[in-house]
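Given next are the chains, with one letter for each unit.
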Amino acid sequence: MLRPLVSADFANPAVLLAGEVDYSMYAFFRDRLMAAPSSGLVVIELSTLGGDPEVARMMGEDIRFNSEMSPERRLVFLGKAAIYSAGATFMSFFARQNRYLTRGTRLMIHERKLAAQVTLDGPLTTVVASLKAKLHEIEHSVKIQNEGFQNLISGSSVTMEELLPKATENWYIEANDAVSMGLVEGVI
């Protein structure tokens, strides 16, 4: 059983991230994570209005992998001010008991977005193949999205049936509500 953390545990985060979740953030994150202590508490602090969900998944996979490879190291998430979209995706890779938010922080969960144009030009069989390829891309993106949602709500009182309709409309959750729902361990 992991001990609950208190404010003093968050005094010197090993990794401080703010801004758009993108490849620049990923490179900085990797450098700081590799430089962090190899045992004990390692706090990763984030504030973001969102960004690239695939970059968030890459960062999350690094958390998952490092947690498995170094069980003597406790990787903890601290969300500050705004944890929107890709930030919530990243947070979902931390064990629920290792997720914390600062007072007044808001989570925002939404479905992945897609902006695409499909141009139909060519022989009919080629056109059908192009349409099927785009449909497969969308179907797999929905699967990936829902896997992330499932990671986020695992161990909480939130169900997929509750989350999915709210995610279509940008679901904002205040820090204390996130605790009462079991999405995070505590508010600092």
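Let me begin by describing the structure that accompanies this report. The shown structure was predicted, so the numbers you read here are calculated from the model rather than taken from an experiment.

With that settled, the discussion passes to the environment of Leu 101. Among the secondary structure elements, Leu 101 is positioned in strand S4 (residues 99–101). Residue Leu 101 is classed as buried on the basis of its relative accessible area, which comes to 0%. Not counting residues within four places of it along the chain, the set of residues in contact with Leu 101 comprises Phe 77, Leu 78, Gly 79, Ile 83, Met 91, Leu 107, Ala 175, Ala 178, Val 184, Gly 186, Val 187 and Ile 188.

Turning our attention to the environment of Gly 19. Position of Gly 19 among the secondary structure elements: in the loop between strand S1 (15–18) and helix H1 (23–35). With 83 residues separating them along the chain, Gly 19 and Thr 102 place their C-alpha atoms 17 Å apart.

All right, on to helix H5 (residues 160–167) then. For H5, the set of buried residues is Met 160, Leu 163 and Ala 167. Looking down the long axis of H5, one finds its buried residues gathered within 65° of arc, a one-sided arrangement. Among the structural elements, strand S5 (106–109), helix H4 (124–153) and strand S6 (171–174) are those in contact with the buried residues of H5.

About the thresholds
- Residues numbered from 1 in each chain as written.
- Predicted model: local features only at pLDDT ≥ 70, side-chain atom pairs only at ≥ 80, totals over all residues.
- Heavy atoms only, no water.
- Helix = DSSP H or I, 4+ residues; strand = E, 2+ residues; numbered from the N terminus.
- Buried < 20%, exposed > 50% of the residue type's maximum accessible area, 1.4 Å probe, protein only.
- Contact = heavy atoms within 4.5 Å.
- Arc of directions from axis to C-beta.

So far we have only geometry, and geometry alone does not tell us how the molecule works.
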